[in-house]
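Residue-level listing of the chains:
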Amino acid sequence: MAEQPTGAPPAPEPGTGPTEAISVHDVTRVYQRPRTSLRSASPPVHALRGVSFAIPQGQRFGIVGESGCGKSTLLRILAGLDRPTSGSVAIDGRDLTGLPERRLTFVRERLQLVFQDPMSSLDPRMRVGDIVAEPLVAQGHGNRRERVAELLEAVGLRADAADRYPHQFSGGQRQRISIARALAPRPKIIVADEPVSALDVSVRAQVLNLIADLVDELSLTLVFVSHDLSVVRHVCDRVAVMHAGQIVETGSTEQVYEDPRHSYTRRLIAAVPTLGRALSGVSAADLNREQRP
Ligand SMILES: Nc1ncnc2c1ncn2[C@@H]1O[C@H](COP(=O)(O)OP(=O)(O)OP(=O)(O)O)[C@@H](O)[C@H]1O
Ligand SMILES: [Mg+2]
């Protein structure tokens, strides 16, 4: 018999609670696949099936699960880049359901995304200063040069990085540039989709620490997606474990990591060898010693 999801929070009412940064209520997303044969239609893909959770302001919320379980689909829906097939999402208490595209600008102001691969998310023809300033231009911000310098320094880069191009930086430095751009419009929520998975193992801990420090300093809410529970454990207070479009377990990261209730979570912990071991061999002092480029 199929195992029942454990520890899932009660489904919140849509758009409730002013302290909730994000509230997701019974969200499903079904993709219709293009017909590949004349005889039969391809079956639809149920990327999300009845997903519900709420994230209070200031929480660092991890979402973990294997490839294809629906993590990025969920993040796109949170960012207003995709719509649920059914169910509802509220950001800062405002329900996105049924809002026309032009009314979704408030989501861009409050919530910014950081993606896995900084090389493909940064325009190689633009100078770093212009990349970071892009969201400020959209907002009609006045003194952009000063603000860009401030942002670059906040992510551990020198202000003169503004005059260079993305290919002149290492992978870790490029991810710092993405983080600076995400912070530019002063969002309250950062949504990061596998932000260290494409990076060299040696710089992952530094970038994770940078994200954790900035989230603290700026009192941000963090949604952090990874296939690796040990990475999520390093930066998040709570975690939701996703499997085949559903949340199968939710809890504090310590509890889920130390005492997983669901068999899928146990398999996930056993299967992922990477950063957990790398981090367990690194002292807190090492982690805090940021290598400034
Ligand atoms: N635009 C789309 N059209 C059809 N199917 C899609 C689309 N986007 C996602 N899917 C399918 O939905 C499921 C969930 O995909 P999603 O990208 O959300 O997974 P993920 O957990 O982010 O995976 P990964 O860890 O590989 O990034 C997959 O089966 C995927 O093939
Ligand atoms: Mg993904």
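Data block above holds the structure.
No experiment lies behind these values; they were computed from the predicted model shown.

Rules of the game
Residues numbered from 1 in each chain as written. Chains lettered and ligands numbered in written order. Predicted model: local features only at pLDDT ≥ 70, side-chain atom pairs only at ≥ 80, totals over all residues. Heavy atoms only, no water. 1 Å grid on protein atoms, 1.4 Å probe; cavity = no way out; pocket = protein on both sides within 12 Å on 5 of 7 lines; lining within 4 Å. Points joined across faces, edges and corners; volume = space filled by probe spheres on them. Helix = DSSP H or I, 4+ residues; strand = E, 2+ residues; numbered from the N terminus. Nonpolar A, V, L, I, M, F, W, Y, C, P; charged D, E, K, R; others polar. Near = heavy atom within 4 Å. Polar contact = N/O pair within 3.5 Å; in protein donor to acceptor, adjacent residues only side chain to side chain. Areas by Shrake-Rupley, 256 points an atom, 1.4 Å probe, with all protein chains shown as cover. Axes fitted to C-alpha atoms, helices over the stretch in contact; angles between N-to-C directions. Parallel < 35°, antiparallel > 145°, perpendicular 65-115°, else oblique. Contact = heavy atoms within 4.5 Å. Pairing = 2+ DSSP bridges. Left-handed = near helix turned anticlockwise from the far one by under 90°. Buried < 20%, exposed > 50% of the residue type's maximum accessible area, 1.4 Å probe, protein only. Salt bridge = Lys/Arg side-chain N within 4 Å of Asp/Glu carboxyl O.

Undergrad: Quick question: what am I supposed to make of empty space enclosed by the protein here?
TA: Enumeration over the complete set of coordinates arrives at one cavity of 30 Å³ or more. Contributions of two or more residues to the lining of the largest cavity are made by α6 (171-183), β7 (189-193) and α7 (201-217). Looking at side-chain class alone, the lining of the largest cavity contains 10 nonpolar, no polar and no charged residues.

Undergrad: Mind showing me how you'd approach the site of ligand 1 here?
TA: Around ligand 1 sit Y31, V45, A47, E66, S67, G68, C69, G70, K71, S72, T73 and R76, and those are all the residues in its vicinity. A distance of 3.1 Å separates an oxygen atom of ligand 1 from a polar atom in the backbone of G70. Considering ligand 1 on its own, with 640 Å² of exposed area, one finds that the protein chains cover 60% of that surface. Its residues assigned to classes, the shell around ligand 1 shows four nonpolar, five polar and three charged.

Undergrad: Help me out: how do you make sense of the packing of helix α4 (residues 128-139) against α6 in this one?
TA: Helices that pack against each other are described as a pair by the angle of their axes relative to one another and the distance between those axes. Between α4 and α6, the shortest axis-to-axis distance is 7 Å and the interhelical angle comes to 30°. When the axis of α4 is compared with that of α6, the two are roughly parallel. Contact residues: V128, I131, V132, E134 and P135 in α4; I177, A180 and R181 in α6. Residues that form the contact of α4 with α6 fall into these classes: six nonpolar, no polar and two charged.

Undergrad: Whenever I open this one, the sheet that holds strand β6 (residues 111-114) confuses me. Can you help?
TA: Across a sheet, strands are paired by hydrogen bonds formed along the backbone, either parallel or antiparallel in direction. Spatial ordering of the open sheet is given by β6-β7-β8-β3-β9-β10, a layout of six strands whose pairing is mixed. If you trace the sheet from one side to the other, it starts and ends with β6 and β10 (246-252), each paired once. Neighbour-to-neighbour, the strand axes of the sheet open up by a mean angle of 15°, direction not taken into account. Of the strand pairs in this sheet, strand β3 (residues 60-64) and strand β9 (residues 238-243) are connected by four bridges, and their pairing is parallel. Directly across from I63, in β9, lies its bridge partner A240. The sheet strands contacting α6 are β6 and β7, and the helix crosses β6 at an angle near 170°. Here helix α10 (residues 263-271) sits on the sheet and contacts β3, β9 and β10; the angle it forms with β9, its principal contact strand, is near 100°.

Undergrad: Quick question: what am I supposed to make of the packing of α6 against α7 here?
TA: One way to put it is that α6 packs onto α7 with a least axis distance of 10 Å and a crossing angle of 15°. If you check the angle between α6 and α7, you find them roughly parallel. Crossing of α6 over α7 shows right-handed handedness. On α7, the residues touching G172, Q175, R176, I179 and L183 of α6 are V203, Q206, V207, L210, I211 and L214.

Undergrad: Would you mind showing me how to read helix α1 (residues 71-78) here?
TA: Each α-helix winds once per 3.6 residues, and so residues spaced three or four apart point in a common direction. Of all eight residues in α1, six are buried, a share of seventy percent or more. Buried within α1 are the following residues: K71, T73, L74, L75, I77 and L78.

Undergrad: Honestly, the pattern of salt bridges in this entry has me stumped. Any pointers?
TA: When charged atoms on two side chains of opposite charge get close, those side chains can pair. For the structure on display, the rule yields 12 salt bridges. In this structure, R125 engages D123 in a salt bridge whose closest nitrogen and oxygen atoms are separated by 3.2 Å. Judged by relative accessible area, R125 falls into the exposed class, the value being 69%. By sharing partners, the salt bridges in this structure join R83, E101 and R108 into a single network.

Undergrad: Could you clarify how one ought to interpret the sheet that holds strand β4 (residues 86-91) in this entry?
TA: Strand order in the open sheet formed by four strands is β2-β1-β4-β5, and the pairing between neighbours is antiparallel. Each edge of the sheet is formed by a strand with only one pairing partner; in this case those strands are β2 (45-56) and β5 (94-95). Looking at chain direction, strand β1 (residues 20-31) and β2 are connected through eight bridges and run antiparallel. Within the sheet, the bridge partner assigned to V24 lies in β2 and is F53. Here α1 sits on the sheet in contact with β1, β2 and β4, set at roughly 125° to β1.

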